[in-house]
Each structure stands twice: as structure tokens, then as C-alpha cells.
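# Remarks on the overall topology
The chain contents come next:
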Amino acid sequence: MSIRESDEQGMTGYRTTFQAMFGEQVDGMPSVERVAVPLIQRDYAQGRLDARTTTIRSTFLDALHSALTGETSVGLDFIYGEVHTNGTFEPLDGQQRLTTLFLLHWYFAFRRGVVSSEHPWTNFSYATRPSARLFCERLVKHPPPNDLSTPPSVWITDQSWYLHLWQFDPTIRAMLVTIDAIASRFADESPDELWGRLTDAENPAIWFQLLPIDNMGAAEDLYIKMNSRGKPLTEFEAFKASLGQLVGEAGGFEDFGHKIDGDWTDVLWPYRGENNIVDDEFMRYFDFLMEVCEWRDGLVRSGETVTPEKRAKVLFGISNPRHDEHLSFMHGAFQTWVTEPNLKDYFESLFKTTLDGDGVRLFGANATSDLFHACCDRYGDVRGTTRAFSLTDTLLLLAVLVHRQHETKDVAARLRSLRNINEASQFEMRVTNMPKFVNEVTTFMQTGDLDALTTFNKNQVNEEKAKQDLRIKDAELAHAVERLEDHPILRGTLACFDLDPSIAHRASAFEAAFNPDQWSLVTGALLASGEYQRGFQDSDRFQFGSPTTDSVWRSVLVDRGDRGALAPARETLGTMLDVIAESQASDVEDKLIEIADNFTKSRAAQEFFDWRYHLVRYPEMREGNTGIYFGADGHLGYEMTMLRRKVQRSYYRDAYLYAIWSEAGRPVEVNDPWFYGYSTTPRWMELTRSGVGMRSVEAGIALRSGGSSSDEEALEALCEDVGAQPCDDGWLLGIPQADHAGDLVDTVDRVQVGAEILRDLIANGL
């Protein structure tokens, strides 16, 4: 694959992948036969063991893992370099990413048992580092066995071809660390599936923009000049000098140099790194402030590389009509913290990262209440396809600055509403919308007018208005509303609740029930209370809650669209929570079990064994991590697949066969029933010895022979014994059924019937 694109400076880039880069070239992309990291590049650093690099590496691999095991792709931005006439590509920028991609390909290839120097992508080396070059060559020539049970580095360093001196080479040490990290992250995945996603020519999981530079001489000269003094001028020192000149030309605030080297440095000093220097922290905060000003001017940078000095000149130079406004904002954004004795304590008074305590809860794996620290530590960093300091955090920090600079009222309430609307606006939360977001958030924080937030999720804005009205009518409900908003599943959206006084007791019941340790029980109790599943238009896919994953519950209970779409879930959830709230039982776990038991007993007494009965009765049928089921012919019945991942091109369970196998004791005489492919494909659970198969169909339990004539006779005798009738595929044991509103519903428990037949098959030697 190769898609030609150009940046603003006229340089041509090509969208490609690590493997495709070496393949047949199209659209004018230069022919690459090998990658050779040149002398001017530093050692491979992504495998270093310091805390920051470990976090970066882990986050990067998480992003690659998500792309390789999901349906989305991840772009790794531009990789610059020169392609020589002999086909050698020397990267100027992108060495770290290319090295990691090489190691990723190598790991999947050896897991598949197909590493060979004949594959073009293996032509990767560190051209002027003999040890690293030889190490890469030997990795390809001597791959580990594909069933390796130890970390790859242990096996590699124990081989005769591994040289003792290599342990002192930082690039090789880093490569070994990354190889082990890759192995740890992808050990449980199918290498064939991963390789397929990685090398998919039409829809690759990981891609980048290859940007050839015709003449790298200028880049080499720049590299030499920067290092000619032994200690290169830091980015911050160069930027500070340029910014000071702009401030002076604009007649801006006085004592800029004194403030930046004095009070403002004191503000950042508690956040300094291990080197006791705050240059990086300064640059990240300036990056945040300049980007906010760019958005205020309607400017959105699209990945192009522009120096901080050029950005500052565009914003703060006298040619910009708003330069005074931008300078005032920047000055205030620093100066406001000078008089704050402890920024960490201040931000903890506004935000929190747990359900307990005061403040507005922030969510996410890297959530922190100290947004200022997070900005100085992460802003501008990109992890995978996302910003390390998210757009939502950017808007919240901006909101705090607006509050500080304009002394706005009701800051806690406004930040809470903004947090809720941010969380609900993930679809709208794109960089291209940030100019509108920034101006709308500024107006909202100054006025408190929710109607100002026109670009955000409109349904959530309307919900915030309704919650404001509810608090006005009954101020005592505010605490219950806030507890629900701060719950990690709901994240600010209460579309699955009636906004009335019932929310008080339902909030307590929800918090007690939706403990991760009880999610498996909640899936049963909620289904016993009603049909709450999420349907998908023109699809035979349905989604319930998950026993393991909060994002699945969020998908089911937190629809970002019209509240009407959640009416069935809202009614069912309310029914279950009311029962829990009214119960005298002190143990919510016991109550959840009781709700499910009462339902199955009632269904059994009515001889009404529908799909809901079976899913509630057998927890194995609710084990799928994603909560996604596919039902035959667009409805839920007696042919259902239960997915542990989001797509059918991964292994999944047939819900009924899995329950039958489990109810029979999971006998080893039966192949563990995993399936793959479309849900419309017949799924047969087979006995290991004979190949005799069983499947659940709408009319009952189907059986088929494994092919052996002697086995077929034994199967025929057993089928005749239990009353099964011959059919196209073999035999069908019809389950007694009754008509209910046009649907045929079992009058006996088909899982019990199937388990008994499975035991009989095994007892008869099949």
C-alpha cells in the first residue's frame, strides 16, 4: 500500500507500513531495499528501564495491541529520511518507531515459525554500529523456537552466537527489553491473526507516513552546529530569548525576564525532573498556552512541524490583531499561580480521582487531580493515536484558568457540568473542534450559560439543564446525583435514571450493586428484571452487560444519544434497583442471587424456558467479556453466539453448547467448544474420539455422526432410544415447545436435556 500526500512545505509523503515499505512501490514512492540507522542517530531508547521510558513503552505497546486486536488502526505520524540510489533508507526522524516495528515483526514472525532473511523487511540494521548491526542479523538468522516458554531475552542471551560484550551495548540492551515487553503484551494472542492485521494491504493496523528528504546535508550540518559547543542550546533557552523579544516589541508586561527566571520558575520548581531542570516543564506549559491561543484564532495544526519560536511570533507578534489578548492570557496563566501556596492542594480541592472525597472526579488510567502538573509533564506527548494530556483535560485546565483570571462564580458546579459534557462528547472531541470548544468553554465558565456549549453533545447539555432543575426543586438530591455522576461506569451521564426523587434510593442501590466483584451476578439479576439489552439497527447483534469490563456497561447504560433509546434499560435498571433498595437483606450479593433465582423458578413453574431463562439460569452463558451476542435471524432465541471480543473473526462461544458442556462437567471426551467465523455458520460441538457432533437449533438438539459406520450404529441406537428423529444433518431431538404470542418457547430446560445426551454419548463409547 502507498498513498501519496504532501505537507505545506511541498515535501511528498507516502502512507505505508513497515512491511509494505520494502515491497513493490507505487505512486512514485522511492524503492526501499534496506533500512540503515545512520551515525548521527542516538542509541535505541524505547527499551530503557527508567520509569518514564517504561511508561512510554507500555503505553505505545498498549496502542499497538489495541490496533492489532481491534478494528481501528494507529498512525505513527511522519518518518523522515533519505533514500539513497542503492535503495538504502537512512531515517533522520523515526528511528525509535522503526526499530520497535522491526522487533514487532520479528516477534510475530518467529511465533509463526517463518523468520527468514529472504523476507525484505528483515533488512534492518544500525549501519555504523557493528554490534547492533550484527545483533539484528543474528536475530533473523537464529530465531527462537515458536513454542518458546521463557522470555525471549533469556533464550537469546543463552545462545552461542550471542556475544558477551553485547551486554554493554545500550542499543542491544534496549532491544532485548522491548522484545520481552512485546512478548509479554502479545503472548496470549494468535500470531497468525496478529500478522494478518499487521500486514493487511488494504486496512493495516499500524501505518506511518514515509517522507523522503532529497538532501540530508542540511540536516547533518544542523546536527553538528547544535552540538559544536559541547552543550547545545536547549529548546527552552532559544524559545525564551525569542519570546522576550516579542514581548518587548509588543510593549507587553514588564520584567518578563525577571518573572520567567524568578517567580514562574518557582511555580514550576516542585515539578522539576530528576535533572533538577524545569526547561521541559516550561516548554510543555507554553505549548499548552500557545495551542489554546491558536485555537482562539481558529488555527489547528495538522501534524506539521513548526518551531515554538515561529508559533510564538504568529500569536504574540504585533502583526496579530489579538496579540495583546494572547499575551495577557499567557501572562495571567503563569502569574495566577505565583500567589498560590500549594498548587497540588488547590487542584485537589477541585478534582479527585476516586469516588470518595470532595471535588469533581476525573476518569482514565492516567487520571490525576493536579492538572497543572499533568500538563507540564505530558502536554504535547502523543501516545499511540491519543494525546498523553487529553483534550478533555486541556479544556478542564483552561476552565480553571478562566475561573482564576475572571473570578467566576459557582466554579465547582460549572466544572462538574463541564466534566459531564466532556465525557459525553467523545465523538465530538476532535482537535478540529477545539477552536469552537475553547471559545464555548471560556464563555460558559464566565457566564454559567449551558446554551453556550453548542458544539458539545447536545443530549448531555440538555441533561445538565434537567439536573440543574432537579437540584433547584430538591437540593437534598444533589449528593445522590453527584455520587452517580462520579461512578466510573456512568461518568457523568444519568440517561439510565429517571431524574426524579427516586434517584436518591436508586443511587445507593446502584453503588452497592455495581461492584466489579458482583458484575457477573448483576448481569443475571438485571436480565431477570427485564430485557435491557442494546440492539443494533439492521443487525443480529445484541449487547448486554459484562462480568469483567466497565466500558461494556457504559455502552449499555450510557447511550450518548436520545434518552428514548435507553428506555428499556432505564425501566429494567430501575426495577432491579428498587427491589434492592426495598430489600431488608444486608448483603447485596445475596439479593442479586435471589432476584435471579426467583425469576428462574417462576419461569420453570410456568414451563416457560425461553432464552432469558437460560441466560439467567446458567452463568456460563453470560461469561463473554464484551457482552455481545449474535442471534439467528436477527432475534434472540436458541441459537446464540457469545463473544469475548467485539468481532466474529475471533474465537467465541456458542452460549447453549457452552452451557451444555459445562453442565455435563466439561468432560475431556469433548473438544472444548470454541468457534470462529460468522454466527450463521452451523456450530457443532464434537466428541474427541468419534467426531460425533451436537448443536442447538431452534427446534431442539441436533446430532450428527462422525463418519465411522460402527459409531453411526451406536449413535442411531441412542437417538432412537431418546426419541430423536432423522433429519438432513443427522438426527433431531425435538424440544417440547408452546406458542407464546407467535413465538415457540421450550417447555423444558434444553441445557439439561443436552447435558444428559452428552453424558449418554460418552457412556456409549462415542
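Quantities reported herein were computed from a predicted structural model and do not represent experimental measurements.

### Remarks on the overall build of the protein
- Per the secondary structure count, the protein includes 29 helices and 23 strands.
- When the backbone C-alpha atoms are referred to their principal axes, the protein occupies close to 95 × 75 × 45 Å.
- Evaluated residue by residue, the protein yields a buried proportion of 52% over its 766 residues.
- For the protein, the proportion of contacts with a sequence separation of at least 24, taken over those separated by at least 6, is 64%.
- Summed over its atoms, the accessible surface of the protein is roughly 34300 Å², and 48% of this surface lies on carbon and sulfur atoms.

### What about the packing of aromatic side chains?
- Applying the stated rule across the entire model yields 37 aromatic pairs.
- Where Tyr285 meets Phe372, the ring centres are 4.9 Å apart and the plane angle is 75 degrees; that geometry is what we call edge-to-face. In this pair, Tyr285 is assigned in helix α11 (residues 279–296) and Phe372 in helix α15 (residues 371–378), connecting sequence segments 87 residues apart.
- Taking relative accessible area as the criterion, Phe372 reaches 0% and is therefore assigned buried.
- Where Tyr346 meets Phe347, the ring centres are 5.5 Å apart and the plane angle is 80 degrees; that geometry is what we call edge-to-face. Grouping residues by exposure puts Tyr346 and Phe347 together as buried.
- When the ring centre of Trp207 is taken as origin, the NZ or CZ atom of Arg15, which lies over that ring, is 3.9 Å away.
- One residue, Arg644, lies across the ring of Trp674, its end atom 5.0 Å from the ring centre.

### Let's talk about the pairing of strand β15 (residues 640–643)
- The alternating pattern of β15 places Met640 and Met642 and Thr641 and Leu643 on opposite faces, both of which are buried.
- As paired elements, strand β14 (residues 628–631) and β15 share 4 bridges and run antiparallel to each other. Counted as the bridge partner of Tyr629 is Met642 from β15.
- Taken together, the 3 bridges between β15 and strand β16 (residues 652–654) define a ladder with antiparallel strand orientation. Opposite Leu643, over in β16, you have Tyr652 as the bridge partner.

### Comments concerning the sheet that holds strand β20 (residues 725–727)
- Ordered in space as β17-β18-β19-β21-β20, the 5 strands form an open sheet in which the pairing is antiparallel. Where the open sheet ends on each side, the last strands, each with one partner, are β17 (685–686) and β20.
- Helix-sheet contacts for helix α27 (residues 655–663) involve β17, β18 (693–697) and β19 (700–704), and the interaxial angle to β18 is about 125 degrees.
- Strand contacts of helix α28 (residues 709–722): β19 and β21 (730–734), with the helix running at about 20 degrees to β21, the strand carrying the most contacts.

### Section: the packing of α11 against helix α12 (residues 308–316)
- Remark: α11 packs on α12, axes separated minimally by 10 Å, with the N-to-C direction vectors making an angle of 40 degrees. Regarding the angle of α11 to α12, the classification is oblique. Of the two possible hands of crossing, α11 and α12 adopt the one that is left-handed. Contacts from Met283, Asp287, Met290, Glu291, Cys293 and Glu294 in α11 reach Pro308, Arg311, Ala312, Leu315 and Phe316 in α12.
- Taken together, the residues of the contact of α11 with α12 sort by class into 7 nonpolar, no polar and 4 charged.

### Points about unusual backbone geometry
- For Arg666, which is not glycine, the phi torsion reads 50 degrees and is therefore positive.
- For Arg666, the position within the fold is in the loop between α27 and β17.
- Its identity is not glycine, yet Ala741 carries a phi of approximately 55 degrees, on the positive side.
- Looking at the secondary structure, you find Ala741 in the loop between β22 (737–740) and β23 (743–746).

What counts as what
- Residues numbered from 1 in each chain as written.
- Predicted model: local features only at pLDDT ≥ 70, side-chain atom pairs only at ≥ 80, totals over all residues.
- Heavy atoms only, no water.
- Helix = DSSP H or I, 4+ residues; strand = E, 2+ residues; numbered from the N terminus.
- Buried < 20%, exposed > 50% of the residue type's maximum accessible area, 1.4 Å probe, protein only.
- Contact = heavy atoms within 4.5 Å.
- Areas by Shrake-Rupley, 256 points an atom, 1.4 Å probe, with all protein chains shown as cover.
- Phe/Tyr/Trp six-rings, centres within 6.5 Å; stacked < 30°, edge-to-face > 60°.
- Lys NZ or Arg CZ within 6 Å of the ring centre and 35° of its normal.
- Pairing = 2+ DSSP bridges.
- Axes fitted to C-alpha atoms, helices over the stretch in contact; angles between N-to-C directions.
- Parallel < 35°, antiparallel > 145°, perpendicular 65-115°, else oblique.
- Left-handed = near helix turned anticlockwise from the far one by under 90°.
- Nonpolar A, V, L, I, M, F, W, Y, C, P; charged D, E, K, R; others polar.

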